[in-house]
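# Examining the three-dimensional arrangement
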Number of protein chains: 2
Amino acid sequence: MKKLINAPENVVEEALAGMAAAHPHLLKIQFDPNFITRADAPVRGKVALLSGGGSGHEPMHGGFVGHGMLDAACPGAVFTSPTPDQILAATKAVDGGAGVLHIVKNYTGDVLNFEMAADLAKDEGVRVEAVIIDDDVAVQDSLYTAGRRGVGGTVLAEKICGGAAEAGLDLAAVAELCRGVNANVRSMGVALTPCTVPHAGKPSFTLGDDEIEFGVGIHGEPGRKRIKMEQADKIAEMLMEPILADLPFKSGDKALLFVNSLGGTPLVELYIIYRKAAEIAKAHGVEIVRSLVGPYITSLEMAGTSLSLLKLDEDMLRFWDAPVVTPALRWGG
Amino acid sequence: MKKLINAPENVVEEALAGMAAAHPHLLKIQFDPNFITRADAPVRGKVALLSGGGSGHEPMHGGFVGHGMLDAACPGAVFTSPTPDQILAATKAVDGGAGVLHIVKNYTGDVLNFEMAADLAKDEGVRVEAVIIDDDVAVQDSLYTAGRRGVGGTVLAEKICGGAAEAGLDLAAVAELCRGVNANVRSMGVALTPCTVPHAGKPSFTLGDDEIEFGVGIHGEPGRKRIKMEQADKIAEMLMEPILADLPFKSGDKALLFVNSLGGTPLVELYIIYRKAAEIAKAHGVEIVRSLVGPYITSLEMAGTSLSLLKLDEDMLRFWDAPVVTPALRWGG
């Protein structure tokens, strides 16, 4: 294992210290319990958005904290759910009186810990709503999940709901929008290589030189099947067809296409996938009107990609386009 | 070699087609010869900025085309200089009457081909100035270079000069600013793994499980020495000390610290490096007032990082902060 770390047990705290040093105008970082908030939190009268999950998926979620997106992120240990005390402390820190929306990826530990934190926060008088993201069409249940896993759709939900909260929508409306995003987004990924959790010191699974894991989870969970390596166009087809079949998208829909790197796959390959995925969408009559291409929800250094397709309505489009100023997504701010 | 490609000979063109599909509002892409321009090129009366180089370093340079940064980028084959006809065609396409600045990384092929293109463009009545970027302190001459290599400082020069051109500075002034950035920036990198050029099909060099290449070039060129793997803090020190010693930076300087991923190294590791590098700068009395953290000048999927430190004056700071709207860098636009 060659990684730019000092000691496995210090990875999360040292990375947080680096984020604090790099983005002092955008972020405030608290330790023990660990959480990240926007520098100007709490924002009075605005619904606050909070997400979190295991570390190792950066920039998700800490890189999405800032004006127009998240108010707080709670990073757990690598690939490990954040604890209820982290989530509770962050919830109280960002509540500006209009309540807090928890955006939770559907993994059993995350769901349980967010629920517990929400109950405790409510006991202390904070209004909390939670929305579970479960956009991965690959498998029904998985290693850490009952039901579908939450993956790339989370990034889109956080951006769109962040725009809505900034525009002044109330807690019920932002939660409803978040459920709408989740209902209209479908994702699937493929791994070309595994990744190594620092504490484990060795890859979480193994793949042959000519094998890929089709439908992989963001922690390396098994997907639909292990198959032989294919060309990019074929892989784009194999990811897009189940996505398009699942919703179902229909001719005339406007959509956002998100081609994500799982970490180790460079942009030149993502754009080759994008080209074919956009062609396939067009052949189905789906008009791609917005795009996101890059490493936004990663699995450490894992090579591979995931595709997410979100059917956009007018509100989602407007809030997607709204200004955002975070370390990882920044425009119009 | 597992890569998300179809055929090695189509990598660049298919990736360009993907960029065109993903960013229709920002970019126009021409084929044969290949070049990328801003969608609104040529911009009348504005100095145009053009850069280019081998593909495989994305987002550099194509991802930096847009308002506030480059007017055009010329992608060569992977790790191969763009040809004079590409550069000439792009130069003519973006000239808005105020001349064109070529920003050229110091590699022998790039320098020669940019010079030839500039001569041809001048013959056709286009005013061209060229600035060579050579910010890598690792080695004096290298595999493809006489003198120092051009690396991370290029990204900073393109952003700052793009802001200056947008603000209306003339060709001589933008070129002078670009030389000033180059004179005030120093960089150095380290590779943890090699990368594989698609055409070659195998890694460009080999590293043992406990070895790193200290001072590596962005094409995997040898650096200062091959050493045993070290902890992140030690690596940050080994990169920062030669950078700080070379300029020299002095107490009270304001600077921008850029921690770059060579491709395969995830954000969590970059922030661990950032934390220590910023501490070291502070111990030297250098005040880090701006940061850039992420994969901006890469070597395909190579794991590793490079650090760049730029001493900022008031103009550089102002143009760094100016709006930019490109696929890879986007703020305030």
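Note that this is a predicted model, so its numbers are computed, not measured. (Residues numbered from 1 in each chain as written. Chains lettered and ligands numbered in written order. Predicted model: local features only at pLDDT ≥ 70, side-chain atom pairs only at ≥ 80, totals over all residues. Heavy atoms only, no water.)

### Thoughts on the overall build of chain A
For chain A, the count of helices and strands is eight helices and 14 strands. Against the compact-globule benchmark of 20 Å for 333 residues, chain A has a radius of gyration of 19 Å, which places it among compact chains. Dimensions along the principal axes, computed over C-alpha positions, put chain A at roughly 50 × 50 × 35 Å. Among the 333 residues that make up chain A, the fraction classed as buried is 65%. Sequence separation of 24 or more characterises 73% of the internal contacts of chain A that already satisfy a separation of 6 or more. Chain A carries 30 positive and 42 negative side-chain charges, and their two centres are separated by 4 Å. (Helix = DSSP H or I, 4+ residues; strand = E, 2+ residues; numbered from the N terminus. Rg over C-alpha atoms; globule rule 2.2 N^0.38 Å. Buried < 20%, exposed > 50% of the residue type's maximum accessible area, 1.4 Å probe, protein only. Contact = heavy atoms within 4.5 Å. Lys, Arg positive; Asp, Glu negative; His and termini not counted. Charge placed at Lys NZ, Arg CZ, Asp CG, Glu CD.)

### Brief notes about the packing of helix H2 (residues 84-94) of chain A against helix H3 (residues 108-123) of chain A
Residue and element names in this part refer to chain A. At a closest axis distance of 8 Å, the pairing of H2 and H3 adopts a crossing angle of 45°. Taken together, H2 and H3 sit at an angle that is classed as oblique. As for how H2 packs across H3, the hand of that crossing is right-handed. Facing Pro-84, Ile-87, Leu-88 and Thr-91 of H2, the residues of H3 in contact are Asn-113, Phe-114, Met-116, Ala-117, Leu-120 and Ala-121. (Axes fitted to C-alpha atoms, helices over the stretch in contact; angles between N-to-C directions. Parallel < 35°, antiparallel > 145°, perpendicular 65-115°, else oblique. Left-handed = near helix turned anticlockwise from the far one by under 90°.)

### A look at the environment of Gly-62 of chain B
Tracing the backbone shows Gly-62 of chain B in the loop between strand E3 (48-55) and strand E4 (72-78). Those residues in contact with Gly-62 of chain B that sit more than four places away from it in its chain are Met-19, Leu-27, Ile-36, Ala-73 and Pro-327 of chain B.

### Some points on the side chain of Lys-105 of chain B
Residue and element names in this part refer to chain B. Along the chain, Lys-105 falls in strand E5 (residues 100-105). Summary of buried charges: Lys-105 has no salt-bridge partner, and the nearest side chain of opposite charge, Asp-110, is 4.3 Å away. In terms of polar contacts, Lys-105 uses its side chain to reach the backbone carbonyl oxygen of Gly-52, at 3.5 Å. Here the side chain of Lys-105 touches His-61 through a polar contact of 2.9 Å, side chain to side chain. Not counting residues within four places of it along the chain, the set of residues in contact with Lys-105 comprises Gly-52, Gly-53, Met-60, His-61, Asp-110, Val-111, Ile-133, Gly-150, Thr-154 and Ile-218. (Salt bridge = Lys/Arg side-chain N within 4 Å of Asp/Glu carboxyl O. Polar contact = N/O pair within 3.5 Å; in protein donor to acceptor, adjacent residues only side chain to side chain.)

### Overview of the interface of chain B and chain A
Contact with chain B, which involves 54 residues of that partner, is made by 54 residues of chain A. For the pair chain B and chain A, the summed buried area comes to about 4,500 Å², and 64% of that belongs to carbon and sulfur atoms. In this assembly, chain B and chain A are joined by zero salt bridges. Summed over the shared surface of chain B and chain A, the result is 20 residue pairs in polar contact (both at pLDDT 80 or more). Of all the secondary-structure elements, those providing two or more residues to the side of chain B that touches chain A are helix H1 (11-22), strand E8 (211-214), helix H6 (232-246), helix H7 (267-283), strand E11 (287-294), strand E12 (304-311) and strand E14 (330-331) of chain B. In terms of residue class, the side of chain B that touches chain A is made up of 27 nonpolar, 14 polar and 13 charged. (Buried area = accessible area lost by both parts, 1.4 Å probe. Nonpolar A, V, L, I, M, F, W, Y, C, P; charged D, E, K, R; others polar.)

### Remarks on the domain arrangement of chain A
Residue and element names in this part refer to chain A. When the domains of chain A are assigned, the result is domain 1 (8-184 + 321-331) and domain 2 (185-313). For domain 1 versus domain 2, the separation of C-alpha centres amounts to 23 Å. In this assembly, 37 residues from domain 1 lie in contact with 36 residues from domain 2. In this assembly, domain 1 packs against domain 2 so that about 3,000 Å² is buried in total across both faces, 65% of it on carbon and sulfur atoms. It is Phe-79, Val-137 and Asn-184 that lose the most area in domain 1 upon contact with domain 2, and together they represent 21% of the buried surface on that side. In this structure, the connection of domain 1 to domain 2 is made through two salt bridges. Summed over the shared surface of domain 1 and domain 2, the number is 17 residue pairs in polar contact (both at pLDDT 80 or more). For the side of domain 1 that touches domain 2, the element with the most residues is helix H4 (residues 153-166), which contributes four residues. In terms of residue class, the side of domain 1 that touches domain 2 is made up of 21 nonpolar, eight polar and eight charged. (Domains from an automatic or database assignment.)

### Overview of unusual backbone geometry
With omega at -5°, the peptide bond leading from Ala-41 of chain A into Pro-42 of chain A counts as cis. Positionally, Pro-42 of chain A belongs in the loop between strand E2 (35-38) and strand E3 (48-55). In this structure, His-61 of chain B follows Met-60 of chain B across a cis peptide bond, with omega equal to 0°. Here His-61 of chain B is to be found in the loop between E3 and E4. Positioned with a positive phi, Phe-79 of chain A is a non-glycine residue whose angle comes to about 60°.

### As for the sheet that holds strand E7 (residues 185-191) of chain B
Residues and elements named next belong to chain B. Here six strands make up an open sheet; going across it, the order is E9-E8-E7-E12-E10-E11 and the pairing mixed. At either margin of the open sheet sits one strand with a lone partner, and together these are strand E9 (225-228) and E11. Strand after strand, the sheet turns through a mean of 20° between neighbouring axes, direction not considered. In the sheet, E8 pairs with E9 via four bridges, with the strands oriented antiparallel. In the sheet register, Ile-212 faces E9, and the bridge partner there is Ile-227. Lying over the sheet, H6 contacts E7, E8, E9, strand E10 (254-261) and E12, oriented at roughly 155° with respect to E7. (Pairing = 2+ DSSP bridges.)

### Considering the pairing of E5 of chain B
Sheet faces and side chains relate simply in a regular strand, where the side chains alternate between the two faces. Residue and element names in this part refer to chain B. Of all six residues in E5, six are buried, a share of seventy percent or more. Both faces of E5 are covered, namely the face carrying Val-100, His-102 and Val-104 and the face carrying Leu-101, Ile-103 and Lys-105. Direction of pairing for E3 relative to E5: parallel, over a ladder of four bridges. Considered in E5, the bridge of Leu-50 is made with His-102. As paired elements, E5 and strand E6 (residues 128-133) share six bridges and run parallel to each other.

### Re helix H6 (residues 232-246) of chain A
Every α-helical turn comprises 3.6 residues, leaving residues that sit three or four positions apart pointing alike. In this model H6 of chain A runs 22 Å from its N-terminal to its C-terminal C-alpha over 15 residues, within 8% of the 21 Å that 1.5 Å per residue would give. Within H6 of chain A, burial applies to Ala-232, Asp-233, Ile-235, Ala-236, Met-238, Leu-239, Met-240, Pro-242, Ile-243 and Leu-244 of chain A. (Expected span 1.5 Å × (residues − 1).)

### Some details on the pattern of salt bridges
Scanning the entire structure with this criterion turns up 40 salt bridges over all chains. Of the charged contacts, one joins Arg-290 of chain A and Asp-321 of chain A as a salt bridge, the two residues approaching to 2.7 Å between their closest N and O atoms. You can see Arg-290 of chain A sitting in strand E11 (residues 287-294) and its partner Asp-321 of chain A sitting in helix H8 (residues 314-321), a full 31 residues away along the chain. Measuring nitrogen to oxygen at the nearest pair gives 3.2 Å for the salt bridge that ties Glu-287 of chain B to Lys-254 of chain B. Note that Glu-287 of chain B is positioned in strand E11 and Lys-254 of chain B in strand E10, a separation of 33 residues in sequence. Looking at Lys-254 of chain B, the relative accessible area reads 34%, which means it is partly exposed. What you see here is one network of salt bridges that share partners, running through Arg-38, Asp-40, Lys-46, Asp-71 and Glu-166 of chain A.

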